[in-house]
Amino acid sequence: MPRGGDPTILAMGGGGFTMEPDNPALDDYLLSLVAAPEPRVLFLPTASGDPTAQIAAFYGRYSRCAAATHLSLFRRHGSARSLADIVLEQDAIYVGGGSMRNLLAIWAAHGLDELLVEAWRRGIVLAGPSAGAMCWFEAGVTRSGGPPEVIAGLGLLRGSFSVHADGEPERLPVWLAAVRDGRIPGGWAADDGVALLFSGRRMGRVVSSRPGAAALRADAVAGDLVRHRIEPELLGAAEDALGARAAPDDVRELRELRRAMRRG
Amino acid sequence: MSQTRPPQIVAFGGGGFSMEAGNPLLDDYVLSLAGRERPRVCFVPTASGDADHYIVRFYRTFAARCDATHISLFRRDRSAGSVDGDLEAHLLAQDVVYVGGGSVVSLLGAWRAHGLDRVLKAAWRRGVVLCGLSAGSLCWFSEAVTAFHGPPTVVRGLGLLPFSNCVHYDGEPARRAEYRRFVGDGVRPGFAAEDGAALHFVGRELRRVVSSRPRARAYRVEPAGGEVVETPLATSFLGQTQLAAA
């Protein structure tokens, strides 16, 4: 999706370069949503406090096929450019996982929450796993304080989102109970490797980097939980057959060329 | 912990273990205020995003002679050696709380989200010595000059000390001019400290200025007669005076 297109969010239950060092499927899928030949991708590692290892993993995955940069809110970036200039020139913004409570509080302190809403409106693709996914919804389930608890998000997307449904199973009952009790709106839970693609506020597609992983939709109806499993489309070998919005051939070729030039 | 200790803050313009390897003077000074042979010292590295290397350096410096602990606000789901459970009880039981440098804006945002602003205020009232450098100095004041992203701006701190504060006063020439301009434009009067200089407050009164470097200085910056006046403060060098002459 080029800038200027529909607001787009790719919300991952887990996975991507931080969790799947040998499986680029979700990262490739994110890049396929951006039409620019060399997409500008900004990494926001705020939720984990900008750890070096996570930043290095981002560059390891993205610098070969994108103009990759990161924005630290803890270390000086040595630039006098405003946050608005940095954020709004991107094609995609990748938000890393970590503490959702810290993420939202620190974004608000820097005014970055409002900039990201503007970025979304302008069609800059927003993506991320875990805290970097839940933050876009009305509510999520965080372990920022230790045990899982419900937390409010930015509310760009309607409903709630719970992550690591298979990898951290202690979150799911907290989420389901909160949905059933009406403390948070119904929504989705996603396994590690599963991502939901939203165009505007509409959930359009569910994809997965791993076979067997799934998403779950849950709603409270008259005090009872109604839930159903959503089978994702498996990314990778079967992707073309499933009609993925893959990058056009010429764009792929250019990315390969740049990749080769960087290696040289 | 004695209930009779007064509130104390030692605000470094820069320095201590994270900036002055091999020069323990400012850290020693803070420990001397604890009134205990083996003080309980808790490190709060929030402003750095709980950077691992920073935490390791803290323990290297303090673990041998203190009961050293740290608090992480980013890894509470997997404690990784940090204090988990009741942060409030832990902080209130300390002799010294040592706040590391980094971004004061991120620091304050995260503290407020976890209620640490309230807890640290209570700790201060109980006589837990609060100290820190850079962001760990700025946070205690009502207004703080930060230049983390883009040009210098003024942010609201916790307000335990009803002044403004500017750190690294010697490090960046632009800061000096900006701070004076801010004070001229209505930011409350305050204190600027160079790297190696520390402002020691008892209650809300400046008790003493100490330094780990012979030439490090601190200043009172305030409007007077239509302009902003910068007054150097008497500073006690904590090292050997022979070194100062050398």
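Throughout this description, residue numbers start from 1 for each chain and increase along the sequence as written. Here chains are named by letter from A upward and ligands by number from 1 upward, in the order in which they appear as written. Given that the model is predicted, a residue must reach a pLDDT of at least 70 before its local features are reported, and side-chain atom pairs must reach 80 or more before they are shown or counted; all residues, however, enter totals for whole chains, interfaces and linings.

1. Overview of the nonpolar core
Selection criterion: Core membership is restricted to buried Ala, Val, Leu, Ile, Met, Phe, Trp, Tyr and Cys residues, and these are joined into a nonpolar core through C-beta atoms within 7 Å. Exposure classes come from backbone-placed C-beta atoms, where a residue is buried if 20 or more other C-beta atoms lie within 10 Å of its own, exposed if 12 or fewer do, and partly exposed in between. Contact between residues is assigned whenever the C-beta positions, reconstructed from backbone atoms, fall within 7 Å.
Val97 and Ala193 of chain B are the most contacted members of the largest nonpolar core, which totals 154 residues. Beyond its immediate stretch of four places on either side in the chain, Val97 of chain B contacts Cys42, Val44, Leu91, Leu120, Ala123, Val128 and Leu130 of chain B.

2. Focus on helix H7 (residues 173–184) of chain B
One turn of the α-helix equals 3.6 residues, which is why residues spaced by three or four share an orientation. Residues and elements named next belong to chain B. Under the convention used in this document: In DSSP terms, a helix is any run of H or I states spanning at least four residues, a strand is any run of E spanning at least two, and both are numbered starting from the N terminus. Any helix carries an expected span of 1.5 Å times its number of residues minus one. Here, the arc refers to the directions that run from the helix axis to the C-beta atoms.
With 12 residues, H7 should cover 16 Å at 1.5 Å per step; its first-to-last C-alpha distance of 17 Å lies within 8% of that length. Where H7 is concerned, the buried positions are Tyr179, Arg180, Phe182 and Val183. Looking straight down H7, one finds that the buried residues subtend no more than 155° of arc, so they occupy a single side. The exposed residues of H7 that point more than 90 degrees off its buried face are Pro173, Ala174, Ala177 and Arg181. On its buried face, H7 sits against strand S6 (141–146), strand S7 (153–156), strand S8 (161–166), strand S9 (190–193), strand S12 (218–224) and strand S13 (227–232). Positive backbone phi, approximately 115°, marks Gly186, located one or two places after H7.

3. Concerning the sheet that holds strand S11 (residues 205–211) of chain B
Residue and element names in this part refer to chain B. For clarity, the threshold we go by: Any two strands with at least two DSSP bridges between them are considered paired. Here an angle of 0 to 180 degrees is reported between the N-to-C directions of two axes, which are lines fitted to C-alpha atoms, with helices fitted over the stretch in contact.
The strand order S3-S2-S4-S5-S1-S10-S11-S14 describes an open sheet built from 8 strands, whose pairing is mixed. The open sheet terminates on both sides in strands that have one partner only, identified here as strand S3 (67–70) and strand S14 (236–237). With 5 bridges joining them, strand S1 (residues 8–12) and strand S10 (residues 197–202) adopt antiparallel strand pairing. Across the sheet, the residue bridging to Ile9 is Phe201, located in S10. Sheet contacts for helix H5 (residues 116–125): S1, strand S4 (96–99) and strand S5 (129–133); angle to S5, the most-contacted strand, approximately 120°.

4. Re the packing of helix H4 (residues 100–110) of chain A against helix H4 (residues 104–114) of chain B
The cut-off we apply is this: Comment on the angle field: the value is read as roughly parallel under 35 degrees, roughly antiparallel over 145, roughly perpendicular from 65 to 115, and oblique elsewhere. The crossing is said to be left-handed when, going from far helix to near helix, the turn is anticlockwise and less than a right angle, and right-handed when the turn is clockwise. For this classification, the nonpolar set comprises Ala, Val, Leu, Ile, Met, Phe, Trp, Tyr, Cys and Pro, the charged set comprises Asp, Glu, Lys and Arg, and every other residue, Gly included, is treated as polar.
Remark: H4 of chain A packs on H4 of chain B, axes separated minimally by 8 Å, with the N-to-C direction vectors making an angle of 130°. Here H4 of chain A lies oblique to H4 of chain B, going by the angle between them. Crossing of H4 of chain A over H4 of chain B shows right-handed handedness. Within the contact between the two elements, H4 of chain A uses Arg101, Asn102, Ala105, Ile106, Ala108, Ala109 and His110 of chain A and H4 of chain B uses Val105, Ser106, Leu108, Gly109, Ala110, Arg112 and Ala113 of chain B. Within the contact of H4 of chain A with H4 of chain B, the residues separate by chemical class into 8 nonpolar, 4 polar and 2 charged.

5. With respect to the pairing of strand S10 (residues 194–199) of chain A
Remember that side chains alternate between the two faces of the sheet whenever the strand is regular. Residue and element names in this part refer to chain A. Within S10, 5 of the 6 residues are buried, leaving the element largely enclosed by the surrounding structure. Of the strand pairs in this sheet, strand S1 (residues 8–12) and S10 are connected by 5 bridges, and their pairing is antiparallel. From the neighbouring strand, Ala11 faces S10, where its bridge partner is Leu196. In this structure, S10 lies alongside strand S11 (residues 202–208), joined through 6 bridges in antiparallel fashion. Each residue of the ladder has a partner; that of Ala195, found in S11, is Val207. Once S10 ends, the chain turns through 2 residues before running back antiparallel as S11, passing Gly200 with a positive phi of about 60°.

6. As for the confidence of the model for chain A
What counts is decided by this rule: Each residue gets a pLDDT score, which is the predictor's confidence in that residue and runs from 0 to 100.
Confidence along chain A averages 90 in pLDDT terms, with 87% of residues attaining 70 or more. Contacts of residues 238–245 of chain A to residues separated by more than four positions or lying in other chains number 7 contacts, the stretch itself having pLDDT below 50.

7. Focus on the pairing of S11 of chain A
Sheet topology places S11 of chain A next to strand S14 (residues 233–234) of chain A; 2 bridges connect them, and they run parallel. Across the sheet, residue Val207 of chain A finds its bridge partner in S14 of chain A, namely Glu233 of chain A.

8. Thoughts on the sheet that holds S10 of chain A
All names here are of chain A. Strand order in the open sheet formed by 8 strands is S3-S2-S4-S5-S1-S10-S11-S14, and the pairing between neighbours is mixed. Two strands bound the open sheet, and with one partner strand each, they are strand S3 (67–70) and S14. Sheet topology places strand S2 (residues 40–44) next to strand S4 (residues 92–95); 4 bridges connect them, and they run parallel. Looking across to S4, one finds that Leu44 is bridged to Val95. Where helix H2 (residues 52–62) meets the sheet, it contacts S2 and S3, and its direction lies at approximately 170° from that of S3. Along the sheet face, helix H5 (residues 112–121) touches S1, S4 and strand S5 (125–129) and points at about 120° away from the line of S5.

9. Remarks on helix H1 (residues 25–32) of chain A
All names here are of chain A. Within H1, 6 of the 8 residues are buried, leaving the element largely enclosed by the surrounding structure. Within the sequence span of H1, burial applies to Ala25, Leu26, Asp27, Tyr29, Leu30 and Leu31. Here the buried face of H1 lies against S1, H2, S4, S5, S10 and S11.

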